[in-house]
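# Analysis of the macromolecular model
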Amino acid sequence: MMTAANSPSVDRVPASAQRTIRILDGISIFTGKAVSWLLIPMMLSLVYEVFMRYLFHSPTIWSMDMAVILFGINFMVGSAYCLQSGGHIRTDFFYNNWSVKTKAKVDILMYILLFFPVHIVFLEVGWKYFWKSFTISETMVSSPWMPIVWPLKFAIPCCVALTLVQGVSEVIKNIYRWKTGVDYWAAETEAA
C-alpha cells in the first residue's frame, strides 16, 4: 500500500507537516475505532430486549434507551474518523472530474468559508447544551427509565472538537495537494 510515508515524491511535503497530519489523523482513527466498540453493548442490549420481550413476555424499560444513547455517541464521535477516511458525502458528479489541484482549491475554500465557522458555532452551542444538561442532571423524560442524558449530549461538543481537529489535517493535506498536484493521501483514504 502506498502511503504518505513511503511515497517517492512525499519529500515535497515537509516532515513537520507529515508529522502533524499523522498525529491529527491518528486521533481521528483512534477515536473512531475506539467508539466503534460501543456497537457491541448496543447490539447486546437490543438482543436482550428481543429475548425478554418475545420469549419471556417481559420487556425491559431500559434497553431501547441504552441502544439509542450508545448509537448516538458512536455516530457523533465517529464522525471525525468518517471525515479522515473520506466517507462523508460530496457531489462526486462534478468533483470526480476535477484535477487534484482544483479539488484542493475548492476543498480549502469550503473548509475556510463553511466548515470552520459552522463548526466553531456548533462547538459553542453544543458545549452550552451539554453543560446545562450536566449541571441540572437532566434525565430523558420521554423514557420510563429516565436515564441521565448528559453523556449523550457531551458527545456533541466532543464530535465537533474531533471533527475540527480532523478538518485542520484535511486543510494541511489540501495545501500540499494544491502545491504539488499530487494526492499523497489517496491510498490511505482508499484503504480505510
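Predicted model, so just to flag it, every value in this text is computed and none were measured. One numbering rule holds for all chains: residues counted from 1, following each sequence as written. Totals for whole chains, interfaces and linings use all residues, but because this is a predicted model, local features are given only for residues with pLDDT of at least 70 and pairs of side-chain atoms are given and counted only at 80 or more. Hydrogens and water are ignored here; the side-chain numbers use all heavy atoms of the structure.

### Thoughts on the overall build of the chain
- Only DSSP runs of H or I with at least four residues qualify as helices, and only runs of E with at least two residues qualify as strands; both kinds are numbered from the N terminus onward. Within the chain, the secondary structure is distributed over eight helices and zero strands.
- The order of helices and strands in the chain, counted from the N terminus, is α-α-α-α-α-α-α-α.
- Relative to its length of 192 residues, the chain is extended, with a C-alpha radius of gyration of 21 Å against a globular reference of 16 Å.
- Principal-axis analysis of the C-alpha atoms gives the chain an extent of 65 × 35 × 35 Å.
- Counted over contacts in the chain with a minimum sequence separation of 6, partners at least 24 positions apart contribute 75%.
- Surface summary for the chain: the accessible area is close to 11,600 Å², and the carbon and sulfur share equals 71%. In this description the radius of gyration comes from C-alpha coordinates, and the expected globular size is given by 2.2 Å times residues to the power 0.38. Pairs of residues are marked as contacts when any of their non-hydrogen atoms sit within 4.5 Å. Computed by Shrake-Rupley with a 1.4 Å probe, the accessible areas treat only the displayed protein chains as cover when residues are assessed.

### Points about the confidence of the model for the chain
- The predicted model of the chain averages 91 in pLDDT, with 92% of residues at 70 or higher.
- One confidence number per residue, pLDDT, is output by the predictor and ranges from 0 to 100. Here residues 4–8 scores under 50 on pLDDT; set against residues more than four positions off or in separate chains, the count is 10 contacts.

### Quick look at the side chain of Ser 45
- In this structure, Ser 45 sits in helix H2 (residues 39–54).
- Those residues in contact with Ser 45, other than ones at most four positions away along the chain, are Trp 62, Ser 63, Met 66 and Ala 67.

### Looking at a nonpolar patch on the surface
- A surface patch of nonpolar side chains, about 470 Å² in accessible area, is lined by Leu 109, Met 110, Ile 112, Leu 113 and Leu 114.
- Of note, Leu 113 is situated in helix H6 (residues 100–135). Residues enter a patch when their relative accessible area is above 30% and they make no salt bridge; the linking distance is 9 Å between like charges and 5 Å between nonpolar side chains (Val, Leu, Ile, Met, Phe, Trp, Tyr). Think of a salt bridge as a Lys or Arg side-chain nitrogen and an Asp or Glu carboxyl oxygen that are within 4 Å of each other.

### Re the environment of Val 35
- With respect to the element layout, Val 35 can be found in helix H1 (residues 15–36).
- With 151 residues separating them along the chain, Val 35 and Ala 186 place their C-alpha atoms 24 Å apart.
- Setting aside chain neighbours within four positions, we find Val 35 in contact with Ile 73, Asn 74, Val 77 and Gly 78.

### Comments concerning the pattern of salt bridges
- Tallied over the full model, the rule gives six salt bridges.
- Here Lys 173 and Asp 25 are joined by a salt bridge, their closest N and O atoms 2.9 Å apart. Here the residue Lys 173 occupies a position in helix H7 (residues 150–180), and Asp 25 occupies one in helix H1, the gap between them amounting to 148 residues. The pair formed by Lys 173 and Asp 25 is uniform in burial state, with each residue classed as buried.
- Here Lys 128 and Glu 124 are joined by a salt bridge, their closest N and O atoms 3.1 Å apart. Here Lys 128 pairs with Glu 124, and both are found in helix H6, just four residues apart, close to one helical turn.
- Because the salt bridges share partners, they merge into one network encompassing Asp 25, Glu 170 and Lys 173. Classification of residues uses two cut-offs on accessible area relative to the type maximum, computed with a 1.4 Å probe and protein chains only: under 20% is buried, over 50% is exposed, and between them is partly exposed.

### Quick look at the environment of Ser 45
- The class for Ser 45 is buried, based on a relative accessible area of 4%.
- C-alpha separation for the pair Ser 45 and Ile 61, spaced 16 residues apart in sequence, amounts to 11 Å.
- Side-chain atoms alone can form a polar contact between residues adjacent in sequence; in general such a contact is a pair of N or O atoms within 3.5 Å, and within protein one must be able to donate a hydrogen while the other accepts it. Among the polar contacts made by the side chain of Ser 45, one reaches the main-chain carbonyl oxygen of Met 42 at a distance of 2.9 Å.

### Describing the side chain of Thr 60
- Among the secondary structure elements, Thr 60 is positioned in the loop between H2 and helix H3 (63–77).
- What makes Thr 60 buried here is its relative accessible area of 17%.
- Of the polar contacts made by the side chain of Thr 60, one reaches the side chain of Glu 49; its length is 2.4 Å.
- A distance of 2.7 Å separates polar atoms of two side chains, one belonging to Thr 60 and the other to Ser 63.
- Those residues within four positions of Thr 60 in sequence are excluded, and the remaining contacts are Tyr 48, Glu 49 and Met 52.

### Overview of the nonpolar core
- Within this scheme, the nonpolar core is defined by two criteria: the residues are buried Ala, Val, Leu, Ile, Met, Phe, Trp, Tyr or Cys, and they are joined through side-chain atoms within 4.5 Å. If you look at the biggest cluster of nonpolar residues, it comprises 12 residues: Val 35, Ile 69, Ile 73, Met 76, Val 77, Ala 80, Met 140, Val 149, Leu 152, Ala 155, Cys 159 and Leu 162.
- Listed by contribution, the elements that provide at least two residues to this core are H3 and H7.
- Here Val 149 is in contact with Ser 133, Glu 138, Thr 139 and Met 140, once residues within four sequence places are set aside.
- Residues Ala 17, Ile 21, Tyr 184 and Trp 185 belong to the second largest nonpolar core, which totals eight residues.

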